[in-house]
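# Analysis of the macromolecular model
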Amino acid sequence: MTRRLRLGWAVAVLALGGVAAAVALRMSGREDKSPEAGKPALEFVAADLVTPAPRPVVGELSMPGTVQALSQATVRAKVAAEVNAVHVREGDRVRAGQRLVEFDTAALRAQLAERVAALESARANLAQAQRTRQVNAQLVERNFISQSAFDNADAAYRAQVASVEVAQAQLAQVQLMLDDTVVRAPISGHVLRRHVQPGEKAGIDAPLLAIVDLSRLEVQAQAAVSDIARVVPGAPAQVAVEGIDQRRFEGRIERVNPGTEPGTRSIHFFVSLPDQGTLLRAGMFATVFVPVGAREAVPSLPIPAIRSEGGQAFVWVLEEGRLRQRPVTLGRRDERAQLVQVTGGLAASDRVLASRFDGLRDGQPALVVQGTAGGPARAASGAGPGASRAGAAAGH
């Protein structure tokens, strides 16, 4: 009986030991599966971190616009004739008064000869009527003819005077048309478009060339009704032009339209630009930036330090040797300075990752070491050269 009791106790002890071993093995497996188990701490240098210290931030409105020339002209035909020559092409520089297009003048020269002959005939008739009037004037004084006969001669004379004036006007009109067969530039600038070729027949008021003066440019921008109160004539503005990166042009708001545009309910305003030579061209897309607040020093961070997920902005903070994801509230953005105002969520002493690092996780071990950003990496424990720095480990 005693022997059986001892055997039972032995079996029970072995069973309890097996259960304890299984529990320990399971707990050990859980620890091995932890995402941070066995990983070295990420290393950052001082240049990778920034604090939300007060920095000057300027709020601004950004509004789309288009670059256009302040002075431009469409040259049109004033006569209906065949085009003999076009002396310029697109892109050519022209001066005011320069000869651009010439029309065929054969028909007009024949018409001019006809008008000259008609004027000479009218002048001859006028001379005859004048002599008849003078003779009749002498005769009426001597009572050789009646007053009525003199009045008829006087009326004939006056009619011939009017005929001469009509002939002169008709001749001047043909001469003006002949002058219009040579088309000259109304302004100085560059040829934007050419609508005709030699040999074509152009009608009256047909477009021939378009000329644009690039020495005086402006941007026609669109502002929402809610923002137009901040767009004041005379205020400074900056213009960024598509295709010209990393540069803003200084301008000034010149005028604001008094009404909204049908359909869009936006309001056009115009920003003048200084002469940029041939750098800016008419038709370029632009963005106008208008300051809306005084420059002031407020707690701010570099824009690359801000991340967003699900509509919530957050930053990575180095806190007690670990990375912590910290939600933040943002204010104004200064695109030119690449700063964003932080209105909540951070203390002045918090150390924030200033650049974007991918693959970071909340609670991940991290520390700051001496060195320069982008320098060689080493593990947090100081182990060998195979360890990776935060930028490399996180896919910076």
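In what follows, the structure referred to is the one given above.
If you're wondering where the values come from, they're calculated on a predicted model, not measured in any experiment. (Residues numbered from 1 in each chain as written. Predicted model: local features only at pLDDT ≥ 70, side-chain atom pairs only at ≥ 80, totals over all residues. Heavy atoms only, no water.)

### A few points about empty space enclosed by the protein
To find the voids left in a structure, one rolls a probe of water-molecule size over its atoms. Enumeration according to the criterion identifies one cavity of 30 Å³ or more in this entry. Considering the residues around the largest cavity, the lining is formed by P304, A305, R307, W316, L353, S355, R356, F357 and L360. In terms of residue class, the lining of the largest cavity is built from six nonpolar, one polar and two charged. (1 Å grid on protein atoms, 1.4 Å probe; cavity = no way out; pocket = protein on both sides within 12 Å on 5 of 7 lines; lining within 4 Å. Points joined across faces, edges and corners; volume = space filled by probe spheres on them. Nonpolar A, V, L, I, M, F, W, Y, C, P; charged D, E, K, R; others polar.)

### Topic: the pattern of salt bridges
The full count for this structure, using the stated rule, is nine salt bridges. The salt bridge involving E218 is made with R255; its shortest N-O contact spans 3.1 Å. Of this pair, E218 sits in strand β11 (residues 207-223) while R255 sits in strand β13 (residues 249-256); the two residues are 37 residues apart in sequence, bridging distant segments of the chain. Look at E218 and you get buried, because its relative accessible area is 5%. A residue is classified by how much of its surface remains accessible, and R255, at 36% relative accessible area, is partly exposed. Taken together, the salt bridges that share partners define one network made up of R133, D154 and R158. (Salt bridge = Lys/Arg side-chain N within 4 Å of Asp/Glu carboxyl O. Helix = DSSP H or I, 4+ residues; strand = E, 2+ residues; numbered from the N terminus. Buried < 20%, exposed > 50% of the residue type's maximum accessible area, 1.4 Å probe, protein only.)

### Some remarks on unusual backbone geometry
At N143, a residue that is not glycine, the phi angle is positive and equals roughly 65 degrees. Considering the arrangement of structural elements, one finds N143 in the loop between α2 (106-141) and α3 (147-180). Note on N143: relative accessible area 67%, which makes it exposed. Although it is not a glycine, E320 adopts a positive phi angle of roughly 55 degrees. By the secondary structure assignment, E320 is in the loop between β18 (312-319) and β19 (322-327).

### Some points on the side chain of Q238
Looking at the element boundaries, Q238 is found in strand β12 (residues 236-241). Using a relative accessible area of 14% as the deciding quantity, one classes Q238 as buried. Polar contacts involving the side chain of Q238 include one to the side chain of E250, which spans 3.0 Å. (Polar contact = N/O pair within 3.5 Å; in protein donor to acceptor, adjacent residues only side chain to side chain.)

### Considerations on the packing of aromatic side chains
One pass over the full model with this rule turns up two aromatic pairs. Between F44 and F357, the aromatic rings sit 5.3 Å apart at their centres with planes inclined by 85 degrees, giving edge-to-face as the arrangement. One end of the pair, F44, is in strand β1 (residues 42-44); the other, F357, is in the loop between β22 (352-353) and β23 (366-368), with 313 residues separating them in the sequence. Each of the two residues, F44 as well as F357, counts as buried. Their ring planes at 85 degrees and their centres at 6.1 Å tell us that F314 and W316 sit as a pair that is edge-to-face. Each of the two residues, F314 as well as W316, counts as buried. One cation-aromatic arrangement involves R248 over F289; the distance from NZ or CZ to the ring centre is 3.6 Å. If you follow R255 out to its NZ or CZ, it ends over the ring of F270, 4.2 Å from the centre. (Phe/Tyr/Trp six-rings, centres within 6.5 Å; stacked < 30°, edge-to-face > 60°. Lys NZ or Arg CZ within 6 Å of the ring centre and 35° of its normal.)

### What to know about the sheet that holds strand β5 (residues 81-86)
Adjacent strands of a sheet form backbone hydrogen bonds with each other and so pair up, either parallel or antiparallel. Pairing in this open sheet of four strands is antiparallel, and the strands run β8-β7-β5-β10 from one edge to the other. Edge positions in the sheet fall to β8 (182-184) and β10 (201-202), since each has one partner strand and no second. Of the pairings in the sheet, the one linking β5 to β10 comprises two bridges and is antiparallel in character. Across the sheet, residue A81 finds its bridge partner in β10, namely A202. (Pairing = 2+ DSSP bridges.)

### Points about the pairing of β12
Most of β12 is tucked away: five of the six residues are buried. Sheet topology note: the β12/β13 ladder contains four bridges and is antiparallel. Of the residues in β13, the one forming a bridge with Q238 is E250. Taken together, the four bridges between β12 and strand β15 (residues 285-291) define a ladder with antiparallel strand orientation. Within β15, the residue paired with Q238 across the bridge is F289.

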